[in-house]
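Architecture at a glance
The lines below spell out each chain.
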Amino acid sequence: MPFCISLTVNGVKRNIEFDDPRVTLLDLLRERLDLTGAKKGCDRGQCGACTVLVNGRRINSCLALALSHDGAEVLTIEGVAQGEALHPVQAAFIAHDGFQCGFCTPGQIMSAIGLINEGHAGDDPERIREAMSGNLCRCAAYIGIVEAVQDAQKAIAEAGRRDAA
Amino acid sequence: MTLEILPQASPHIRHGSNIGQPLTRRDGVLKVTGRARYAADNHPPGMLYAVLAVSSIARGRVKSLNVEAAKSHKGVVDVMTSVNRPKLAQDPDEKSNPFMFRLDLLQNDRVRYANQPIAVVIAESLEAATEGAALLAPQYEAEPARVGLDGAESFVPPGVGVGGPAEIRKGDVEAGLDAATKRIDATYETPSQYHNAMEPHAIVAAWDGDRLSIDTPSQGLAMARGRIAGLFGLSPENIHIRSPFLGGGFGSKGLISGPQILGVLAAKLVGRPVKLVLRRDQMYGPVGHRPPTRQRLRIGVDGEGRLTALDHRAKTASSTFDDFFEAAADISHTLYASPAIATSHEAVRIDIGTPLFMRAPGEATGSIALESAIDEAAAACGLDPLAFRVRNYAEVEPISGKPFSSKALRECYAQGAERFGWARRPLAPRQMRDKDGFLVGWGVGTATFPALMFHAEARAIIRRDGTGLVESGAHDMGQGAWTALAQIAADGLALDLDQIEFRAGSSDLPDAGIAGGSAHTATAGMAIHSAGADAIAKLAELATRDERSPLYGAGNAGLVARNGRLRRRDDESRSESYAEILARAGLGEIEGRGASAADPAAQSTYAMHAHGAVFAEVKVDPDLGQIRATRLVGAFAAGRVINPRLVRSQYHGGMIWGVSFALNEQAIIDRRSGRVMNADLAEYHVPVNADIVSIEALLVHEDDPYVNALGVKGVGEIGVTGAAGAVANAVWHATGMRVRRFPIKLEDVLTPAG
Amino acid sequence: MNTFDYVRPSTVPDAVAAAAAPGSAYLASGTNLLDLMKVGVARPDRLVDITHIAGLDRIERLPDGGLRIGALVRNADLAHDPDFARSYPAVAEALLSGASAQLRNAATIGGNLLQRPRCAYFYDPFSACNKRAPGSGCDALHGENRLHAVLGWSPSCIAVHPSDFCVPLIALDAFVEIEGRNGRREISLDALHLLPGDTPERETALEPGDLIVALRLPARAAVFAGHARYLKLRERTSYAFAVVSAAAALEMEDGAIRQARLALGGVAAKPWRARAAEESLAGERPGEAIFRRAAEAALADAKPSGDNAFKIELARRIVVRALALAAAGTPARLPALPGSPFSSAPGALHDA
């Protein structure tokens, strides 16, 4: 294999060999690492279904060349829950019915986690809507998605306070 | 005691604690953890990747393909063209029933629409297959494309929608118009739209001799299996299709599409499992769309504000090689009372892929035109558009004169208006501004969709331990079948939901019909419920005939099934658990079967429709024309609600499709080449999160004893209707400008300069 | 996507040397380049990945008070940099009005300056496009061109520049630092992008191997910080390219406009600086009439290139609105919907 990169995927560092420079991060995850949670909806950065966190930031993995991400830390939807315990964003998506078909959901959830990490939106629903606009949902579960982000953000903040206390 | 004194299963049916509960989705954890496996997530050993090459002309023939260039690209295993495509048992252009659409399966070198598959490249990697397809560099002999509603000679189609007549009339429309004191004569245009489910059509196909294993999203497993069996000359039992999750369908996955079959052919050609996934741009052609329409509406109104005539004429487009004719005008059959109604359709055949059912096919396109025209009529009469609709309320179905099986539309109008605050709406347009100076407008639209039923079967098993297993080849495309049908299944067996295992989404389960026409919950649900009732009836027979059972001889009184026990109806202290009954009978399990179908007697007597009222607020920048739908309230009556949480989500989604219809989505088709120039998700605009500010759905109570025993109508499509018109009417109310070409664009509502 | 050589230099000179060969392309985050490669519009033989070059991702205050932004700074990081957002709020607003959060997290400043047009005929290898294939013709000219150029176009190309970021930058006299085979040079951003003329294939003043290493904003551009806005019309509320956009920046003194800066987006093959309009505003007190006069000046040379005459009046109106918003003052916090007329920040001067 002519190409080898080192990636930390969902907390596990791995050396990954592959034979083609064209492989995107999304296709690497889906077709070569059996991490099929991230979805390919457009393959052109136009829908957000492929959103993952790279070095803590949400990006479209379909427009990321795998080779260029040598040394990166990648978090995918598969690495979000702690065992059987769902991440607060995941739980909130279920509680608020923030999805229907579920295809865009891994991207929505990764984007929501990214948004909360960024910390720019606060609890303002208008800012959350804007910040989640890179994730299309053709089922149009947008109302539930915004409610889920608000709720999860609260839950995370409360958990943080408890930890601090 | 004999079975006949258990009059059918009805004494044992219980509508209990599962139906009606707002349960969260049972597939929720799988979906939020990424463990829900969609078709393209499968990867059998030895799998190859297939990528389509599609035509970049709309009409002509493929002169040549550089197969050698593709094959010499590293990793490419084979190229499938019309020359080497494996033989089929059936001509893809054969059509023996209206639901059998002609497919493009490389049967020749003809090109009949842009993005038609013209070759398939199969390779060891997705990257190689993709580049291989690009290297084919097709050369064409192009012919002039016929484009748009004026692109060819018009004709009256043989049938519209699912075989309805193209023209229907009741009364004398011209006389009604002559007698009117106010008349509306307006023409509306709707664009081509594409389903654009988030999940592109995908298939993973693996042959094992004459057996075929398939992962592909399907809204109609049994029909898909039958179609594949016919094309390949296989016995349907030899084909196994798994479709546990669809990443959205909206009609585009109702019938198996050409590209999916090409995946099966590719696997056959190379003798290895193959995955074929459409690129987003490839979804603008071979997998259906909502065709464009031009609709002329003429409405006459008398001095009392009552319709004297309603004439709705629609022109639409179909492909040159198949028949799908959007029944846009038929919406005018059911909504508003008028002594004279005429609807008619004409069509052109142009060089596009065959249009197909797309969420509320016919109803959505017709609704935005009808609701706009009704609004124009109300304005012409100086009447509030809601009051005008109520004044023309149809007490019986206008076109047929049949009574409605149920119709709580009046309550929808009232509850929706109350919630929205409609009473504060000024009559004249362009009266409202918000604090920032934006024009504000309020509009209303009536929603309607027929309550359909198809045929389905189901199996219910009560196991030795008293738990249940219910099987139905049903489809969850996001509407929530995994949850709602399981709720029905649990009630059918009178068990708690966690006491049953529910299996669906696989072609080896009983045929659940098609998830379309908003009929799946009613259709599959009735079969499931009947299967449960059948199992319980068999169990009851065992118990009541067994002297050792406390239920012995209770057949006359009837039994009640509840929480896994059968009880005497007249003395519930006498009961026995399912497990006890089975154990004593020495049975491992007992199986019930159920089927469902529309009741022809009820259907010939009653008109069956769901209804709703949608109220919309928009804000418009008066100088710059940008529009935002800021608030929608929809009130819907659709019979019994199985799961209000899921139903609300369906209404929300439908209403947002209505917003999109009015303000956003449109295929931009090059007038010369017939190609879609925005075949992506960046320029084909569907609403994003920031477009949707506030959406509320009210569930209006409605009992319907006739649609089916569960009293369920459909909720999946009705939200689109009404909402699109409500938004368009709100734009008029905000700006005073009536835009009749959709979607409404910012330049349409610019206040004139000066 | 064609296959390619992949090189990953660790210094700028190595990168320039590697990219000078014909068929080479620089890869930063790839949000535009990979997209173009996927549709077959770009088919480079060699990708020179510059993302591992150290030192190109810094935002530095210069001794003269200006700001130097490394080419690899990500859009989101720049927009949220407090010092930057305070000094150049219209640029931050433009950045945040573009694309999506995910794309802004990935996309780089240097890449943004070099975004390719969104013209559907350019983006489609099967259409005639003089920009993509010189001499092949322009299918946009008599095609679906509702959103095409109204200024500076030629019959050989009517595409518009898609960037939001560049619009306020050009208004603020930004310039770029370029490292090339003959060393480092600086050019104004206004000189970077070229109008199509007869050579639409030449989009920028860059030579083979040239690498934009930094963007600089002059210290004097911060004088507009209190009165600077970016406004963008879209066909949906977010995640869409501009129909037309405008950046307006005013330096106010005793209630009058000391100097004005104005640029338009979505109207031409380059971000469009409206100097005549700026001059017409100098010394005036803000008001609808003088804003309208400035708008007329800005669009004086506009003419439709197809079904897009409406864009001319729309561009005039967005100029008026952007100036009015700028005159009303930069909001203390960026609006919830950056660049949108529906942003919650008041200040609009609507008609009656």
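Rules behind the numbers
Residues numbered from 1 in each chain as written. Chains lettered and ligands numbered in written order. Predicted model: local features only at pLDDT ≥ 70, side-chain atom pairs only at ≥ 80, totals over all residues. Heavy atoms only, no water. Helix = DSSP H or I, 4+ residues; strand = E, 2+ residues; numbered from the N terminus. Rg over C-alpha atoms; globule rule 2.2 N^0.38 Å. Buried < 20%, exposed > 50% of the residue type's maximum accessible area, 1.4 Å probe, protein only. Contact = heavy atoms within 4.5 Å. Buried area = accessible area lost by both parts, 1.4 Å probe. Salt bridge = Lys/Arg side-chain N within 4 Å of Asp/Glu carboxyl O. Polar contact = N/O pair within 3.5 Å; in protein donor to acceptor, adjacent residues only side chain to side chain. Nonpolar A, V, L, I, M, F, W, Y, C, P; charged D, E, K, R; others polar. Domains from an automatic or database assignment. Axes fitted to C-alpha atoms, helices over the stretch in contact; angles between N-to-C directions. Parallel < 35°, antiparallel > 145°, perpendicular 65-115°, else oblique. Left-handed = near helix turned anticlockwise from the far one by under 90°. Phe/Tyr/Trp six-rings, centres within 6.5 Å; stacked < 30°, edge-to-face > 60°. Pairing = 2+ DSSP bridges.

Concerning the overall build of chain B
From N to C terminus, chain B includes 15 helices and 27 strands. Against the globule reference of 27 Å for 754 residues, chain B gives a C-alpha radius of gyration of 27 Å, in line with a compact fold. Each of the three principal axes of chain B carries a C-alpha extent, and together these read 90 × 75 × 50 Å. Counting across all 754 residues of chain B, residues that qualify as buried make up 67%. In chain B, once contacts between residues fewer than 6 apart in sequence are set aside, the share between residues at least 24 apart is 80%.

With respect to the interface of chain B and chain A
Each side of the interface is counted separately: chain B has 63 residues, and chain A has 49 residues. Buried area between chain B and chain A, summed over both chains or domains, comes out near 4400 Å², and the portion from carbon and sulfur atoms is 54%. Of all residues in chain B, the largest losses of buried area upon contact with chain A belong to Val32(B), Met198(B) and Asn689(B), amounting jointly to 19% of the total for that side. Linking chain B with chain A are 8 salt bridges, by the criterion used here. For Glu665(B), the salt bridge identified is with Arg138(A), shortest N-O distance 2.8 Å. Taken together, chain B and chain A are joined by 31 residue pairs in polar contact (both at pLDDT 80 or more). Breaking the side of chain B that touches chain A down by element, the ones donating at least two residues are helix H1 (28–33), helix H3 (126–135) and helix H14 (644–663) of chain B. Here the side of chain B that touches chain A gets 9 residues from one element, more than from any other, and that element is H14(B). Split into classes, the residues belonging to the side of chain B that touches chain A amount to 30 nonpolar, 19 polar and 14 charged.

A short note on the domain arrangement of chain A
All names here are of chain A. Examined at the domain level, chain A breaks down into domain 1 (3–79) and domain 2 (88–159). Look at where the C-alpha atoms of domain 1 and domain 2 centre, and you get two points 21 Å apart. Counting residues at the interface gives 16 residues for domain 1 and 17 residues for domain 2. Where domain 1 packs against domain 2, one counts 1 salt bridge. Two residues, Arg58 and Glu118, come together in a salt bridge whose shortest N-O distance is 2.9 Å. Connecting domain 1 to domain 2 are 5 residue pairs in polar contact (both at pLDDT 80 or more). Broken down by element, the side of domain 1 that touches domain 2 gets its largest block of residues, 3 residues, from strand E3 (residues 51–54). Classifying every residue of the side of domain 1 that touches domain 2 gives 6 nonpolar, 7 polar and 3 charged.

A few points about the packing of helix H3 (residues 105–118) of chain A against helix H5 (residues 142–164) of chain A
All names here are of chain A. One can describe the packing of H3 onto H5 by two numbers: an axis separation of 11 Å at closest approach and a directional angle of 45 degrees. When the axes of H3 and H5 are compared, the pair comes out oblique. Judged by the twist between their axes, the crossing of H3 over H5 is right-handed. Packed against H3, whose contacting residues are Gln108, Ala112, Leu115 and Ile116, the element H5 presents Ile145, Val149, Ala152, Gln153 and Ile156 at the interface. Across the contact of H3 with H5, the residue classes tally to 7 nonpolar, 2 polar and no charged.

Some remarks on the packing of aromatic side chains
Per the stated rule, a full pass over the model turns up 25 aromatic pairs over all chains. An angle of 85 degrees between the planes, with centres 5.4 Å apart, marks the rings of Phe103(A) and Tyr38(B) as edge-to-face. Linking Phe103(A) in the loop between helix H2 (88–95) and H3 with Tyr38(B) in the loop between H1 and strand E1 (48–54), this pair reaches from one chain into another. There is no split in this pair, since Phe103(A) and Tyr38(B) are both buried.

So, the sheet that holds strand E1 (residues 5–7) of chain C
Residues and elements named next belong to chain C. Read from one edge to the other, the open sheet built from 3 strands follows the order E1-E3-E2, with strand pairing classed as parallel. Edge positions in the sheet fall to E1 and strand E2 (24–27), since each has one partner strand and no second. Neighbour to neighbour, the strand axes of the sheet diverge by 25 degrees on average, direction disregarded. Contacts from helix H1 (residues 12–19) reach E1, E2 and strand E3 (46–49) within the one sheet, and its direction differs from that of E2 by about 145 degrees.

Thoughts on the pattern of salt bridges
Per the counting criterion, the structure on display carries 105 salt bridges over all chains. Taking the shortest distance from any N to any O, the salt bridge between Asp150(B) and Arg294(B) comes out at 2.9 Å. Note that Asp150(B) is positioned in the loop between strand E6 (139–142) and strand E7 (167–170) and Arg294(B) in strand E13 (residues 293–301), a separation of 144 residues in sequence. Judged by relative accessible area, which is 57%, Asp150(B) ranks as exposed. Glu203(C) serves as the salt-bridge partner of Arg116(C), at 2.9 Å between the closest nitrogen and oxygen. Of this pair, Arg116(C) sits in the loop between helix H7 (109–113) and helix H8 (166–171) while Glu203(C) sits in the loop between helix H9 (189–192) and strand E8 (211–217), and the two are 87 residues apart along the sequence. In this structure Arg116(C) comes out as partly exposed when scored by relative accessible area, which is 25%. Assessed through its relative accessible area of 16%, Glu203(C) is described here as buried. One salt-bridge network, held together by shared partners, links Glu60(C), Arg68(C), Glu177(C), Glu179(C), Arg184(C), Glu186(C) and Arg216(C).

Details of the domain arrangement of chain B
All names here are of chain B. With domains assigned, chain B is organised as domain 1 (3–36 + 455–597), domain 2 (39–143 + 201–277) and domain 3 (293–452 + 604–749). Computed over C-alpha atoms only, the centres of domain 1 and domain 3 are separated by 38 Å. Across the contact, 25 residues belong to domain 1 and 21 residues belong to domain 3. At the surface where domain 1 touches domain 3, the tally comes to 0 salt bridges. Connecting domain 1 to domain 3 are 8 residue pairs in polar contact (both at pLDDT 80 or more). If you list the elements that add at least two residues to the side of domain 1 that touches domain 3, you get helix H10 (481–492) and helix H11 (520–544).

Focus on the interface of chain B and chain C
Residue-level contacts link 42 residues of chain B with 44 residues of chain C. Together chain B and chain C conceal approximately 3700 Å² of surface at their shared face, both sides included; 50% is due to carbon and sulfur atoms. At the boundary of chain B and chain C, one finds 8 salt bridges. In this structure, the salt-bridge partner of Glu747(B) is Arg146(C), at a minimum N-O distance of 2.6 Å. Counting across the chain B and chain C interface gives 18 residue pairs in polar contact (both at pLDDT 80 or more).

A look at the packing of H2(A) against H5(A)
All names here are of chain A. Taken N-terminus to C-terminus, the directions of H2 and H5 make an angle of 140 degrees; their axes are 8 Å apart at the nearest point. One finds that H2 runs oblique with respect to H5. Along this stretch, H2 crosses H5, giving a crossing that reads as right-handed. In contact with Pro88, Val89, Ala92 and Phe93 of H2, H5 contributes Ile145, Ala148, Asp151, Ala152, Ala155 and Ile156. A class-by-class count of the residues in the contact of H2 with H5 yields 9 nonpolar, no polar and 1 charged.

Description of the pairing of strand E24 (residues 589–596) of chain B
All names here are of chain B. The alternating pattern of E24 places Ile590, Gly592, Gly594 and Ser596 on a buried face, while none of Glu589, Glu591, Arg593 and Ala595, on the opposite face, is buried. Direction of pairing for strand E18 (residues 456–463) relative to E24: antiparallel, over a ladder of 8 bridges. Bridge pairing in E24 links Arg463 to Glu589.

Some thoughts on unusual backbone geometry
All names here are of chain B. A cis geometry characterises the amide bond from Phe742 onward to Pro743, with omega recorded as 0 degrees. Its place among the elements puts Pro743 in the segment after helix H15 (720–735). One non-glycine residue, Asn563, lies in the positive phi region at around 50 degrees. You can call Asn563 partly exposed: its relative accessible area is 45%.

Some words on the environment of Asp83(C)
Residues and elements named next belong to chain C. Note on placement: Asp83 falls in helix H4 (residues 82–87). Using a relative accessible area of 28% as the deciding quantity, one classes Asp83 as partly exposed. As a C-alpha pair, Asp83 and Ile59 span 24 residues in sequence and 9.6 Å in three-dimensional space. Excluding anything up to four places from it in sequence, Asp83 contacts Arg61 and Leu67. Of note is the side chain of Asp83, whose polar atom sits 2.9 Å from the side chain of Arg61.

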